[in-house]
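The chain contents come next:
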Amino acid sequence: MMDELDQQLLDALQDNAREPTAALARRLRVSRSTVQSRIQRLEERGVIAGYTVRLSDETARRMIRAHVSLNLSPKLTAAVVQALKRIPEVRALHAISGAHDLIAVVRTGTMEEMDALIDRIGAIDGIERTTSSIIMATKFER
């Protein structure tokens, strides 16, 4: 179970996972050892699964991003998921309700690469139809 301090610590780490322990302790008004033990406990319990790199806003704005909605052949869903997992430009894959079965969040450097990626995704056995929405601007992201 997580308490308020754990949640505040997670929020702070999501803002900047490289923030020094001492700075986190000052920010949360607890000791450094408390921060260290809380982080260790959250890692051991699997709440914190890892750390990643977050692109600068400028770099992210230069990337072409899209949501690709997918209609699948039901018997091939697992194979489609595995095939999409092997494509590095597919940043996330979500099962959704509604007219589509899955939505892939994808990212490329150019429109030409995006076009080729969407064609590559559409060619996967088990994908019956794709609908792509290019992200024009991000109003905010957490």
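Cut-offs and rules
- Residue numbers here run from 1 along each chain, matching the order of that chain's written sequence.
- In keeping with the predicted nature of the model, local features appear solely for residues at pLDDT of at least 70, side-chain atom pairs appear and are counted solely at 80 or more, and the whole-chain, interface and lining totals rest on all residues.
- With hydrogens and water excluded, all non-hydrogen atoms of the structure serve as input to the side-chain values.
- Numbered from the N terminus, helices here are DSSP runs of H or I no shorter than four residues, and strands are runs of E no shorter than two.
- A simple rule labels every residue: compare its accessible area, found with a 1.4 Å probe on the protein chains alone, to the largest value its type can have, and call it buried under 20%, exposed over 50%, or partly exposed in between.
- Only heavy atoms enter the contact rule, under which two residues are in contact if any of them lie within 4.5 Å.
- Among buried residues, the Ala, Val, Leu, Ile, Met, Phe, Trp, Tyr and Cys ones that are joined through side-chain atoms within 4.5 Å form a nonpolar core.
- UniProt positions are given in the numbering used here, feature names are shortened, and annotations may be inferred rather than shown by experiment.
- To obtain the arc, one takes the directions from the helix axis to the C-beta atoms.
- Put simply, the grid is 1 Å and covers the protein atoms alone, a cavity is a trapped set of points that fit a 1.4 Å probe, a pocket is an open set with protein on both sides within 12 Å along at least five of seven lines, and lining residues have an atom within 4 Å of a point.
- Grid points are joined across faces, edges and corners, and a volume is the space filled by probe spheres set on the points.
- When residues are sorted by character, Ala, Val, Leu, Ile, Met, Phe, Trp, Tyr, Cys and Pro go into the nonpolar class, Asp, Glu, Lys and Arg into the charged class, and all the rest, Gly among them, into the polar class.
- Where each domain begins and ends follows an automated or database-derived domain assignment.
- Two strands qualify as a pair provided that DSSP identifies no fewer than 2 bridges between them.
- Axis geometry follows a simple rule: fit a line to the C-alpha atoms, using only the stretch in contact for helices, then measure angles between N-to-C directions, giving values from 0 to 180 degrees.
- Exposure above 30% relative accessible area and the lack of any salt bridge qualify a residue for a patch; like charges then connect within 9 Å, and the nonpolar side chains Val, Leu, Ile, Met, Phe, Trp and Tyr within 5 Å.
- To be clear on the numbers: accessible area is Shrake-Rupley with a 1.4 Å probe, and residue cover counts the displayed protein chains and nothing else.
- Any carboxyl oxygen of Asp or Glu within 4 Å of a side-chain nitrogen of Lys or Arg constitutes a salt bridge here.

The protein appears in an unreviewed UniProt entry as AsnC family transcriptional regulator from Azospirillum brasilense.

### Details of the side chain of Ser-69
By the element assignment, Ser-69 lies in strand β1 (residues 64-72). Given the relative accessible area of 11%, Ser-69 is considered buried. Excluding residues within four positions of it along the chain, Ser-69 makes contact with His-100, Leu-102, Ile-103, Arg-129, Thr-130 and Thr-131.

### Considering the nonpolar core
Counting 19 residues, the largest nonpolar core has Leu-70, Leu-84, Val-106 and Ile-121 as its most contacted members. Contributing elements (two or more residues each) for this core: β1, α5 (77-85), β3 (102-108) and α6 (111-122). With 5 residues, β1 is the single largest residue contributor to this core. Ranked by size, the runner-up nonpolar core spans 12 residues in total, among them Leu-5, Leu-10, Ala-25 and Leu-42.

### Considerations on the UniProt feature "domain: HTH asnC-type" (unreviewed entry) in the protein
Here the UniProt-annotated "domain: HTH asnC-type" (unreviewed entry) positions come out as residues 2-73. Between the end C-alpha atoms of residues 2-73 the distance is 40 Å, and the span holds 54% helix and 12% strand.

### Concerning α5
For α5, the complete set of buried residues consists of Val-80, Ala-83 and Leu-84. On an axial view of α5, the arc spanned by its buried residues comes to 95°, and they lie on one face. Counted as exposed and oriented over 90 degrees from the buried face of α5: Ala-78 and Lys-85. In the core, the buried residues of α5 are packed alongside β1, β2 (90-95), α6 and β4 (127-134).

### Focus on the layout of surface pockets
A water-sized probe, rolled over the atoms, reveals where empty space remains. Within this model, the largest pocket holds a volume of roughly 1,600 Å³. Surrounding the largest pocket, 37 residues form its lining, Val-53, Arg-54, Leu-55, Glu-141 and Arg-142 being those nearest its centre. Among the secondary structure elements, those contributing two or more residues to the lining of the largest pocket are α1 (4-15), α4 (57-62), β1, β2 and β3. The greatest single-element share of the lining of the largest pocket, amounting to 5 residues, is contributed by α1. The class makeup of the residues in the lining of the largest pocket is 18 nonpolar, 7 polar and 12 charged. Split by domain, the lining of the largest pocket shows at least three residues from each of two domains, domain 1 (2-43) and domain 2 (61-132).

### Overview of the domain arrangement of the protein
Taken domain by domain, the protein holds domain 1 (2-43) and domain 2 (61-132). Placing the centre of domain 1 and that of domain 2 at their C-alpha centroids yields a distance of 36 Å.

### Some remarks on the sheet that holds β2
Spatial strand order, β2-β3-β1-β4: 4 strands in an open sheet with antiparallel pairing. A single partner strand is all that each edge strand has here, and the edge strands are β2 and β4. Across this sheet, the average inter-strand angle for adjacent strands is 20°, counted without regard to direction. Against the sheet, α6 touches β1, β2, β3 and β4, its axis set at about 155° to β4.

### A look at a nonpolar patch on the surface
On the surface, Met-111, Ile-134 and Met-136 cluster together into a nonpolar patch covering about 330 Å² of accessible area. Residue Met-111 is classed as partly exposed on the basis of its relative accessible area of 43%.

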